[in-house]
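Coordinate analysis (summary)
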Amino acid sequence: MAASDAPALEARGLTKRFGRRGLFGGGAPVTAVDRVTLGVSRGETLGIVGESGSGKSTIARMMVGLLAPDEGEVALAGAEIDVRSHKGRKVLRHRVQFVFQDPAGAFNPRRTIGEAIEAPLIGLLGRPRAERRERVAELLEQVGLRPDHAARFPHAFSGGQLQRVGIARALAAEPGIVALDEPVSALDVSVQAQILALLRKLREERGLTMIFVSHDLAVVEALCDRVAVMRRGRIIEEGPCREVLSKPCEGYTRALLDAARGVAA
Ligand SMILES: Nc1ncnc2c1ncn2[C@@H]1O[C@H](COP(=O)(O)OP(=O)(O)O)[C@@H](O)[C@H]1O
Ligand SMILES: [Mg+2]
């Protein structure tokens, strides 16, 4: 496949097993992700949905280089990355940024948020100091915060504001691809809508490719082009968002939809 036709990011047969949690450990391992192949095209937003424990976070973490798979490969624009090596995962972590679910836990409480956003500018991009300060101010404005917020510590921010900071930090690395793991689940509904609007704006401005993990089908429907439905570590259904969510083939997907509507009603 020519590199230009290749997915921006692709999981090829990824598998991850975990030892059982709990007092006695041992026992049969849990296969959190079971031979999953999944690609996202350039400029596309892919949703990954499924009930809690279905493997969404695990597949996302493997696709961004935060977690080594037991089996399978990850390819970036058609080029395979050695994700079993520390070095390969580091390359991936630079090119594909990750936004965490819990904004409060994603920041070092002893560092200003300016320092947090600046870290990738130093570590990954090696930008000089004066340029960094300017860039931090620019990034804060792009996510709807003020440049003078840079001097504040995480505790001074609300959850929604901190999630904006998380997005600014992800963008600082100038990634082409951003993966977000339940980025609005911890937020109030009105704040969720603001963050989703921000993601839409940034996607338009930057042509970002996005992977959006969520158990909330309404949120996925509002943002994603395509959706993959996970159950017990596997993808059981995949396709254009509108099609899958309007006429799901699988009973499991229908049940997820019914549950979402039940909550909304
Ligand atoms: N670090 C871990 N250690 C042991 N088991 C884990 C770990 N992370 C995830 N799991 C297990 O793997 C499965 C998938 O988890 P996860 O990917 O977090 O699902 P989801 O994000 O869809 O809720 C679950 O059974 C979960 O308990
Ligand atoms: Mg999860």
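As the structure is a prediction and not an experimental result, all values here were calculated from the model.

**As for the sheet that holds strand 5 (residues 79–81)**
The sheet built from 4 strands is open, its strands ordered 2-1-4-5 with antiparallel pairing. Strands at the two margins of the open sheet, each flanked by one partner only, are strand 2 (30–40) and strand 5. When the angles between neighbouring strand axes are averaged without regard to direction, this sheet yields 30°. Relative to strand 4 (residues 71–76), strand 1 (residues 9–18) runs antiparallel, the two sharing 5 bridges. The partner of Leu9 across the bridge, within strand 4, is Leu76.

**Section: the site of ligand 1**
The environment of ligand 1 is made up of 13 residues, and the closest members are Gly53, Gly55, Lys56, Ser57 and Thr58. Measuring from an oxygen atom of ligand 1, one finds a backbone N or O atom of Ser54 at 3.2 Å. In this structure, Thr58 approaches ligand 1 through a side-chain N or O atom, which is 2.5 Å from an oxygen atom. For ligand 1, whose accessible area on its own is 560 Å², the fraction buried by protein is 70%. Only strand 2 and helix 1 (56–63) provide two or more residues apiece to the shell around ligand 1.

**Let's talk about the side chain of Gln163**
Summarising the element assignment, Gln163 is placed in helix 5 (residues 159–172). For Gln163, a relative accessible area of 2% corresponds to the buried category. Among residues more than four places away in sequence, those in contact with Gln163 are Val99, Phe100, Gln101, Pro103, Pro183, Leu187 and Ile195.

**Some points on the packing of helix 5 against helix 6 (residues 189–206)**
Viewed as axis vectors pointing N to C, helix 5 and helix 6 meet at an angle of 20°, and their least axial separation amounts to 10 Å. One finds that helix 5 runs roughly parallel with respect to helix 6. Between helix 5 and helix 6 lies a crossing of right-handed hand. Every residue of helix 6 that contacts helix 5 at Gly160, Gln163, Arg164, Ile167 and Leu171 is listed here: Val191, Gln194, Ile195, Leu198, Leu199, Leu202 and Arg206.

**Looking at helix 3 (residues 113–123)**
Buried residues of helix 3: Ile113, Gly114, Ala116, Ile117, Glu118, Pro120 and Leu121, and no others. At its buried positions, helix 3 is contacted by helix 4 (129–142) and helix 5.

**Focus: empty space enclosed by the protein**
Enumeration according to the criterion identifies 1 cavity of 30 Å³ or more in this entry. Counted as a void, the largest cavity has a volume near 40 Å³. Its residues placed into classes, the lining of the largest cavity shows 8 nonpolar, no polar and no charged.

**Examining the layout of surface pockets**
Estimated volume of the second largest pocket: approximately 400 Å³. Arg93, Gln97, Pro120, Leu124 and Arg169 are the residues nearest the centre of the second largest pocket, which is lined by 18 residues in total. Its residues placed into classes, the lining of the second largest pocket shows 11 nonpolar, 3 polar and 4 charged.

**Concerning helix 5**
With 14 residues, helix 5 extends 20 Å from end C-alpha to end C-alpha; this agrees with the ideal 20 Å at 1.5 Å per step. Burial analysis of helix 5 places 11 of its 14 residues in the buried class, the great majority of the element. Packed against the buried residues of helix 5 are strand 6 (96–99), helix 3, helix 4 and helix 6. Two residues or fewer past helix 5, Glu174 is found with a positive phi of approximately 55°.

**With respect to the sheet that holds strand 10 (residues 234–240)**
If you walk across this open sheet you meet the 6 strands as 6-7-8-3-9-10, and the pairing is mixed. Edge strands, defined here as strands with exactly one partner in the open sheet, are strand 6 and strand 10. With direction set aside, neighbouring strand axes in the sheet form an average angle of 15°. Sheet analysis places strand 9 (residues 226–231) next to strand 10, joined by 6 bridges and oriented antiparallel. The residue of strand 10 that forms the bridge with Met230 is Ile235. Contacts from helix 2 (residues 86–95) reach strand 6 and strand 7 (177–181) within the one sheet, and its direction differs from that of strand 6 by about 70°. Relative to strand 8 (residues 209–213), helix 6 is tilted by about 160°, and along the sheet it contacts strand 3 (45–50), strand 7 and strand 8.

The rules behind the values
One numbering rule holds for all chains: residues counted from 1, following each sequence as written. Whichever chain is written first becomes A and whichever ligand is written first becomes 1, with later ones labelled in order. In keeping with the model being predicted, local features are shown solely for residues with a pLDDT of at least 70 and side-chain atom pairs are shown and tallied solely at 80 or more, while totals for entire chains, interfaces and linings include all residues. In computing side-chain properties, one takes all heavy atoms of the structure into account and sets aside hydrogens as well as water. For two strands to be treated as a pair, DSSP must find no fewer than two bridges joining them. Strands here are runs of E lasting at least two residues and helices are runs of H or I lasting at least four, both read from the DSSP assignment and numbered beginning at the N terminus. Note on geometry: axes are lines fitted to C-alpha atoms, helical ones only across the stretch in contact, with angles between N-to-C directions running from 0 to 180 degrees. Proximity is defined per residue: if any heavy atom of the residue lies within 4 Å of a molecule or strand, that residue is considered near it. Whenever a nitrogen or oxygen atom comes within 3.5 Å of another N or O atom, the pair is scored as a polar contact, on the condition that within protein one atom can donate a hydrogen and the other can accept it, and that pairs from neighbouring residues in sequence are kept only if both atoms are in side chains. Per-residue and other accessible areas were derived by the Shrake-Rupley procedure at a 1.4 Å probe size, with only the shown protein chains allowed to occlude residues. Burial classes: relative accessible area under 20% of the type maximum marks a residue as buried, over 50% as exposed, and values in between as partly exposed (1.4 Å probe, protein chains only). Note on contacts: a residue pair qualifies if any of its non-hydrogen atoms lie within 4.5 Å across the two residues. Angle categories: roughly parallel below 35 degrees, roughly antiparallel above 145, roughly perpendicular from 65 to 115, and oblique for all the rest. By convention, the crossing between two helices is left-handed when the near helix turns anticlockwise from the far helix through less than a right angle, and right-handed when the turn is clockwise. Definitions used throughout: a 1 Å grid over protein atoms alone; a cavity as a set of points that fits a 1.4 Å probe which cannot get out; a pocket as an open set with protein on both sides within 12 Å along at least five of seven lines; a lining residue as one with an atom within 4 Å of a point. Grid points are joined across faces, edges and corners, and a volume is the space filled by probe spheres set on the points. Polar here means any residue outside two lists: the nonpolar Ala, Val, Leu, Ile, Met, Phe, Trp, Tyr, Cys and Pro, and the charged Asp, Glu, Lys and Arg; Gly therefore counts as polar. Helix span is expected to be 1.5 Å times the residue number reduced by one.

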